[in-house]
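Listed here are the chains, written in short residue letters.
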Amino acid sequence: MSRIFISGSSTGLGLMAAEKLVQQGHQVVLHARNADRARDAKRALPEAEAVVIGDLETIEAARKVAADVNTLGRFDAVIHNAAVGYREGNRLTADGLPHVFAVNTLSAYILTALIERPKRCVYLSSGMHHHADANLDDILWRKRRWNGSQAYAESKLHDTMLAFAVARRWPDVLSNALEPGWVATRMGGPGAPDEMDQAHLTQAWLAAGDDAKAEVTGQYFYHLKRMRANEQALDPDLQDRFLRICEEVSGVVLP
């Protein structure tokens, strides 16, 4: 049995993965943005061990979520699922950061750095990352005209870079990224064409699977199968540059 924390798991794919893991006999801790969502999540999955509450859009709140997770003890796996979608406007957080970057990219970095190191890290990417550019010279969209779809795709490329950087830096941790497909969640929208019943299986498998195909690191998956990630995600120099930017913006150091 494994013990797993899933960010952004009050609804959608995060909750679906949690339900799958509980069915398999694992302990799961959920995460919700606020108390109302936490109550809904607990009603949806009463078997969950706990629900950590915190809006990941600010650096302070992301740090607190990590601290609250640590008070619950060590986890075997962390699934970095929290995200906002590709239809976001150019809204700035209290830290003056684009909301998409703050939630999708920076919070995953902060949680990775501050949660006690698990045995496995799983990062949710997107098929949209394949055609994105990391744009590290303007990661905060201060020079370019805003494009929500492009910002989302970039954030998912950043998450993939983070997964591979962790795999390289922490050889004792299995760190992988995946794309769940374009499915009809609240984020994906009602017209999404991919199969909903497949979308949550890979993250659950990478977090707790006991077969050799899941016990790998630095890989990218789609529906339980390896696939090639965006070439920029594989570049160690770009990975390190990305980590330095996240450290500078957040004040948090990745060990």
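Quick look at the structure, then. Computed from a predicted model, the values in this text were never measured in an experiment.

### So, helix α7 (residues 236–250)
The α-helix advances 3.6 residues per turn, and as a result positions three or four apart in sequence lie on the same side.
And step 1. Given a rise of 1.5 Å per residue, 15 residues ought to cover 21 Å, and the 21 Å separating the end C-alpha atoms of α7 matches this to within 8%.
And step 2. Buried residues belonging to α7 abut α3 (59–71), α4 (99–114) and α5 (148–169).
And step 3. Sitting at the amino-terminal end of α7 is D235, which places a side-chain oxygen 2.9 Å from the backbone nitrogen of D237.
And step 4. Where α7 ends, the next residue or the one after it, G251, has phi of about 75 degrees, a positive value.

### Digging into the packing of α4 against α7
Two quantities define a packed helix pair, namely the angle between the helix axes and the distance between the axes.
And step 1. Close contact between α4 and α7 brings their axes to 10 Å; oriented N to C, the two are set at 95 degrees. The orientation of α4 relative to α7 falls into the category roughly perpendicular. Here F101, T105, L106, Y109 and I110 of α4 come into contact with α7, specifically with F242, L243, C246, E247, V249 and S250.
And step 2. Residue classes in the contact of α4 with α7 are distributed as 8 nonpolar, 2 polar and 1 charged.

### Brief notes about the packing of aromatic side chains
And step 1. Considering all chains together, one arrives at 3 aromatic pairs under this definition.
And step 2. Ring geometry for W205 against F221: centres 5.5 Å apart, planes inclined by 85 degrees, an arrangement best described as edge-to-face. Of the two residues, W205 is situated in helix α6 (residues 201–208) and F221 in strand β7 (residues 220–222); the sequence distance between them amounts to 16 residues. For the pair W205 and F221, a shared accessibility class is recorded, and that class is buried.
And step 3. One residue, R3, lies across the ring of F75, its end atom 4.2 Å from the ring centre.
And step 4. In this structure, R144 packs its charged tip against the face of W141, placed 3.6 Å from the ring centre.

### Examining the nonpolar core
And step 1. Residues F5, L106, Y109, L162 and F242 are the most contacted members of the largest nonpolar core, which totals 50 residues.
And step 2. At the level of elements, β3 (50–53), α3, α4, β5 (120–124), α5 and α7 are the ones that each hand at least two residues to this core.
And step 3. Formed by 25 residues, the second largest nonpolar core is a distinct cluster that contains L21, A41, I79 and A214.

### Some words on the sheet that holds strand β8 (residues 225–226)
And step 1. As summarised here, the arrangement of the 8 strands in space is β3-β2-β1-β4-β5-β6-β7-β8, forming an open sheet in which the pairing is mixed. With one partner strand each, in any of the chains shown, β3 and β8 form the two edges of the open sheet.
And step 2. Summarising the sheet, β5 and strand β6 (residues 174–179) pair through 5 bridges and their orientation is parallel. Within the sheet, the bridge partner assigned to Y123 lies in β6 and is A177.
And step 3. Packing of α6 onto the sheet brings it into contact with β1 (3–6), β4 (77–80), β5, β6 and β7, and relative to β5 it is tilted by some 165 degrees.

### Re the pattern of salt bridges
And step 1. Going through the model one piece at a time under the given rule, you end up with 15 salt bridges.
And step 2. Put simply, D36 and R39 hold a salt bridge, and the shortest N to O gap is 2.1 Å. A residue pair is termed a helical-turn pair when its members lie 3 or 4 positions apart in one helix, as D36 and R39 do in helix α2 (residues 35–44) at 3 residues.
And step 3. A salt bridge links D240 to R168, with the nearest nitrogen and oxygen atoms 2.7 Å apart. Taken together, the residues D240 in helix α7 and R168 in helix α5 connect sequence positions 72 residues apart.
And step 4. Each member of the salt-bridge network shares a partner with another, and the members are D138, R144 and E154.

### Quick look at the side chain of Q203
And step 1. Residue placement: Q203 occurs in helix α6.
And step 2. Look at Q203 and you get buried, because its relative accessible area is 0%.

Definitions and cut-offs
Residues numbered from 1 in each chain as written. Predicted model: local features only at pLDDT ≥ 70, side-chain atom pairs only at ≥ 80, totals over all residues. Heavy atoms only, no water. Helix = DSSP H or I, 4+ residues; strand = E, 2+ residues; numbered from the N terminus. Expected span 1.5 Å × (residues − 1). Contact = heavy atoms within 4.5 Å. Polar contact = N/O pair within 3.5 Å; in protein donor to acceptor, adjacent residues only side chain to side chain. Axes fitted to C-alpha atoms, helices over the stretch in contact; angles between N-to-C directions. Parallel < 35°, antiparallel > 145°, perpendicular 65-115°, else oblique. Nonpolar A, V, L, I, M, F, W, Y, C, P; charged D, E, K, R; others polar. Phe/Tyr/Trp six-rings, centres within 6.5 Å; stacked < 30°, edge-to-face > 60°. Buried < 20%, exposed > 50% of the residue type's maximum accessible area, 1.4 Å probe, protein only. Lys NZ or Arg CZ within 6 Å of the ring centre and 35° of its normal. Core = buried A, V, L, I, M, F, W, Y, C linked by side-chain atoms within 4.5 Å. Pairing = 2+ DSSP bridges. Salt bridge = Lys/Arg side-chain N within 4 Å of Asp/Glu carboxyl O.

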